[in-house]
Amino acid sequence: MQGQTADGDRGEHQKQPHGQPEELHDHHACIVDALAAAGEVCAARGAQLTALRRRVLELIWSSHRSVKAYDLMEQLGTAGKPAKPPTVYRALDFLIEQGLVHKVESLNAYVGCPHPTSPHEGQFLICIACGRVDEMRDPAVRAAIRAGAQAAGYVPEGQTIEVRGRCARCRP
Ligand SMILES: [Zn+2]
Ligand SMILES: [Zn+2]
Ligand SMILES: [Zn+2]
């Protein structure tokens, strides 16, 4: 299937930049890739990537740090007035629903997903020094938590796994 091939390619391509300190990669390529993937994902599903939704995604991808809704409101504002909260939250809801963006719960902020063509429950690595957020997609982690929850009699409905530490650039 075309989508899977595209994701595989992108996965390989993303591996390098994402493992590298921020200033050592061409972040413009990350933004271009993310917007192209968003276009593909939405076209394949018949979802409308409106100019506003695309702009919000672009703002979120402006770096590998997470972005707060408040900052999006400021950046989307016109004539010195911030954009209205519902405008921004509706766009965020859409982007999250399409798997283009994830919410980082412990930061109450948002990051772009580098693998939007394959739905997943990721784990997040958060740099406490520079704010960079990376996504890990280890199925073993997901499976171990599901198994543990089930063993304790829970029916798991979702997972939020966020690891704090120092990224490659910020570690001592
Ligand atoms: Zn980048
Ligand atoms: Zn993701
Ligand atoms: Zn860092």
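Residues numbered from 1 in each chain as written. Chains lettered and ligands numbered in written order. Predicted model: local features only at pLDDT ≥ 70, side-chain atom pairs only at ≥ 80, totals over all residues.

S.K.: Please give an account of the sheet that holds strand 5 (residues 162–165) that cites residues and values.
M.R.: Read across the open sheet, the three strands follow the order 4-3-5; overall the sheet is mixed. In this open sheet, the two edge strands, each paired with only one partner strand, are strand 4 (133–136) and strand 5. Along the sheet, successive strands turn relative to each other by an average axial angle of 25°, direction set aside. The pairing of strand 3 (residues 123–127) with strand 4 spans four bridges and is antiparallel. Looking at strand 4, one finds that Phe124 is bridged to Glu135. (Pairing = 2+ DSSP bridges. Helix = DSSP H or I, 4+ residues; strand = E, 2+ residues; numbered from the N terminus. Axes fitted to C-alpha atoms, helices over the stretch in contact; angles between N-to-C directions.)

S.K.: Explain the confidence of the model for the chain to me, using residue names and the numbers behind them.
M.R.: With 87% of its residues at a pLDDT of 70 or more, the chain has an overall mean of 88. Scored below 50 in pLDDT, residues 1–19 shows 18 contacts in the model against residues more than four places distant or in partner chains. (pLDDT = per-residue confidence, 0-100. Contact = placed C-beta atoms within 7 Å.)

S.K.: Quick one: what's the story with the pairing of strand 1 (residues 101–104), residue by residue and with numbers?
M.R.: Where strand 1 and strand 2 (residues 109–112) come together, four bridges link them in antiparallel fashion. Bridge pairing links Val101 to Gly112 in strand 2. Hairpin connection, strand 1 to strand 2: the antiparallel pair is bridged by four residues, and Asn108 has positive phi, about 50°.

S.K.: Tell me about the environment of Arg142, and name the residues and values.
M.R.: Inspection of the secondary structure puts Arg142 in helix 6 (residues 139–151). The partly exposed category is assigned to Arg142, around which 17 C-beta atoms lie within 10 Å. Filtering out sequence-adjacent residues up to four positions away, Arg142 remains in contact with Glu121 and Gln159. (Buried ≥ 20, exposed ≤ 12 C-beta atoms within 10 Å, placed from the backbone.)

S.K.: I'd like a rundown of the nonpolar core, residues and numbers included.
M.R.: The biggest cluster of nonpolar side chains holds 29 residues, and the ones touching the most others in it are Ala38, Val56, Leu57, Ile60, Leu95 and Val101. Looking at this core, the elements with two or more residues in it are helix 2 (27–45), helix 3 (51–60), helix 5 (85–97), strand 2 and strand 3. Looking at which element gives the most residues to this core, the answer is helix 2, with six residues. With residues up to four places along the chain from it excluded, the contact list for Leu57 reads Ala34, Leu35, Ala38, Leu95, Leu100, Val101 and Gly112. (Core = buried A, V, L, I, M, F, W, Y, C linked by C-beta atoms within 7 Å.)

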